[in-house]
Number of protein chains: 2
Amino acid sequence: MSEKRRTSRGSSSRSDRVPSASVRLTARDVAASLGVSISTVSRAFTENAVISEETRRMVLEEASRMGYTPDVLARSMITRRTRIAGIAVADITNPFYPEVLARLTRRLHEAGMQSMVFFADPGRNVDDAIPTLLQYKPDVALILAATLSSETTAACKRAGTPVLLFNRNVQDAQVESVTCDNLDAGRMVAEVLLGAGHRRLAFIQGLSDTSTNRDRLEGFQQGARAAGAAEPTVEAAGGFTYEGGYAALKRLMDGLNPPDAVFCANDIVALGALDAARRELGLQVPQDLSVIGFDDISMAAWPSYDLTTVRQPVNAMIQLTVEKIQALLSKDDQVPEQVFLPGRLIRRSSARLEER
Amino acid sequence: MSEKRRTSRGSSSRSDRVPSASVRLTARDVAASLGVSISTVSRAFTENAVISEETRRMVLEEASRMGYTPDVLARSMITRRTRIAGIAVADITNPFYPEVLARLTRRLHEAGMQSMVFFADPGRNVDDAIPTLLQYKPDVALILAATLSSETTAACKRAGTPVLLFNRNVQDAQVESVTCDNLDAGRMVAEVLLGAGHRRLAFIQGLSDTSTNRDRLEGFQQGARAAGAAEPTVEAAGGFTYEGGYAALKRLMDGLNPPDAVFCANDIVALGALDAARRELGLQVPQDLSVIGFDDISMAAWPSYDLTTVRQPVNAMIQLTVEKIQALLSKDDQVPEQVFLPGRLIRRSSARLEER
DNA sequence: TTGAAAGCGCTAACAA
DNA sequence: TTGTTAGCGCTTTCAA
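About the criteria used
Residues numbered from 1 in each chain as written. Chains lettered and ligands numbered in written order. Predicted model: local features only at pLDDT ≥ 70, side-chain atom pairs only at ≥ 80, totals over all residues. Heavy atoms only, no water. Helix = DSSP H or I, 4+ residues; strand = E, 2+ residues; numbered from the N terminus. Rg over C-alpha atoms; globule rule 2.2 N^0.38 Å. Buried < 20%, exposed > 50% of the residue type's maximum accessible area, 1.4 Å probe, protein only. Contact = heavy atoms within 4.5 Å. Areas by Shrake-Rupley, 256 points an atom, 1.4 Å probe, with all protein chains shown as cover. Expected span 1.5 Å × (residues − 1). Polar contact = N/O pair within 3.5 Å; in protein donor to acceptor, adjacent residues only side chain to side chain. Near = heavy atom within 4 Å. Nonpolar A, V, L, I, M, F, W, Y, C, P; charged D, E, K, R; others polar.

- An unreviewed UniProt entry lists chain A under the name HTH lacI-type domain-containing protein, with Rhodovibrio salinarum as the source organism.

### Thoughts on the overall build of chain A
Piece 1. Along chain A, the regular secondary structure elements total 12 helices and 13 strands.
Piece 2. In terms of overall size, chain A is more extended than a compact globule, its C-alpha atoms giving a radius of gyration of 26 Å where 356 residues would be expected to give roughly 21 Å.
Piece 3. Considered along the principal axes of its C-alpha atoms, chain A spans approximately 85 × 60 × 35 Å.
Piece 4. Across the 356 residues that make up chain A, the buried fraction comes to 56%.
Piece 5. Restricting the contact set of chain A to residue pairs at least 6 apart, pairs at least 24 apart contribute 70%.
Piece 6. On chain A, roughly 15100 Å² of surface is accessible, and the fraction owed to carbon and sulfur atoms is 49%.

### Brief notes about helix H11 (residues 267-280) of chain A
Residues and elements named next belong to chain A.
Piece 1. An ideal rise of 1.5 Å per residue puts 20 Å on 14 residues; H11 measures up with 19 Å between its terminal C-alpha atoms.
Piece 2. For H11, a buried count of 11 out of 14 residues is recorded, marking the element as mostly surrounded by other parts of the structure.
Piece 3. For H11, every residue scored as buried is listed here: Asp267, Ile268, Val269, Ala270, Leu271, Gly272, Ala273, Leu274, Asp275, Ala276 and Ala277.
Piece 4. The elements touched by buried residues of H11 are strand E7 (201-205), helix H10 (242-254), strand E9 (261-264), strand E10 (290-295) and strand E11 (308-311).
Piece 5. Between the side-chain oxygen at the start of H11 and the backbone nitrogen of Ile268 there is a gap of 3.2 Å, and the oxygen is on Asn266.
Piece 6. Just downstream of H11 lies Gly282, where phi reads positive at about 70 degrees.

### Let's talk about the protein's contact with DNA strand D
Piece 1. Around DNA strand D lies a shell of 24 residues, among which A:Ser39, A:Thr40, A:Arg43, B:Ala27 and B:Ser42 are the nearest.
Piece 2. When the atoms of DNA strand D within 4 Å of the protein are grouped by moiety, sugar and phosphate amount to 61% of the total.
Piece 3. In the environment of DNA strand D, a base oxygen lies 3.1 Å from a nitrogen or oxygen atom belonging to the side chain of A:Ser39.
Piece 4. Within the side chain of A:Thr40, an N or O atom sits 2.3 Å from a phosphate oxygen of DNA strand D.
Piece 5. Sorting the residues of the surface near DNA strand D by element identifies helix H2 (38-44) and helix H4 (72-79) of chain A together with helix H2 (38-44) and helix H4 (72-79) of chain B as the ones contributing at least two each.
Piece 6. Taken together, the residues that form the surface near DNA strand D break down as 10 nonpolar, eight polar and six charged.

Structure follows, in structure tokens:
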């Protein structure tokens, strides 16, 4: 098999050629055609502008007839509003992010904003994408990523671009964030597992330097401590990946103190752990081992996995994010706020949650 | 559990407040600081501009010291180049697209372009996103979607924005496209399945009005016909979804003529079909039934599935796409070309491909 | 090789 | 309610 190319060269005709940039319509053209000033045309397209309803209707009609739309770039130069949300995403291989991204951009679009998405290189963190992101002067920088340096937020501050963290938060309360209450969720998972009679807990880390990972682990440890249970074993997956979870679970079970319940930093890690347990080690889940994930990505519900997991309140998180952006754009001074929304345990068959 | 908010109100200090848009540095500032004209500053940042190496170095140095970068928006107004690739994506729930998107935006970025991503509403096709996409005057519109109306390409043509289809093509050869050779791959799958002794072929459709679906099915049918085999049964999943594939497989097996081999329109559909076969119908795969997918998303390789599938040559497709974009931007007249790259069968355990 | 001046398409004072 | 005018920050002729 080899590459094929099909062109219309054979039966070429005039219409086959892509026209090189058609005529550019400007407000001046519409104005001339109507015998009004360009300001009038501009006003017709500006909300809350002082213009008679009649004139506006006339202008808009003629504009749409001619096929004119205002140039958003030229407009932005003056209004200092690009209506662009610069979104930096890392780790797109985690299905949680595409799911969030799709809903988030849709809600932003409904709120009259466009999304400019920047994907960070895998392995590296999101910071490298920020300078280019800032070049387009987005009205807000949205960080959908687990890792992030403080240099990045500083760069945004310097550029005067407000930053909003999604599914991530920093210690110093200097920057807005919307996350799931990972700490509390971790605690709850420990409680529930211990309540069902599990005795040897373990946690599989994604990236240890991310806030999500850290908070989930810390909550888990707090929960174990509060119940007077043994300290959970901690094993590193080396990243939020299926392969990492797979390998980490094998190491755990081969260790000196194999767990009877594993809480994973997120669903992708948990799916890897599940497959290692069932397909490679031949364990019965949840009889031999309980596995719990985090996020509730759509695959968690698939019958091959049927993963018990903590569902992030994604819709509420997105709703709040959009509201925060709108607030940022109206008032320009604001006290940064970190919001934590409660996660919810979704009980499926990968974990034994009743005493036996 | 309830929502928590944490602010720094308690220990509020001056530095807690987000600064409202810091000073805006312009070329004028750099020029003044150096005692040169703004044209000189501009030239320093323009490739191939007539300027002495020494002056350029001096300007760039001072600029970086001050933290100045040219305003890309203002620049675009004059150059008529935004360096933005407007990317419209539908169906982000199919993991194939995030994987492509991540790599594509990275390669575009290396080529000096930014990606503005627009997600179409689920269910609806990508067309609704196009008008807003065009507003930002992208240098090229990239369509990553299975469905697309001809009205959309017309709108782009009118706006003077070149269009490039990825993983999609239209009949009339009027628009550039880069796809896998779906027809040929479909043929190959039929051949291989029939060669291994399967007798009752079936195809599970995603969306019947998409070019990918159509070509894969048509190739499959051609292959069956060429081998003198019975016409494959066709069942509709109602969309490229896991749930659709799951339900479609059950209907197929409950039907009058249950197949011994199923070719699915893509991997997500195939994973649903696999789970239905194994988890619900208790079938042995591949002894009772062979299942083949399309795309080779990362999950296809997971041990729980180990899906035999046709791998799309994603890297080559992306490479070609970026090259085409660069060509589009240099020459403005071009004969549209449709490129088909060969897919490759990845043999895993979900299909019996040897005669027994 | 550099600078002065004229816009790109638009919005927002300011007048009328 | 509308029109006139002055820019937004930049690139690009044209002259020097």
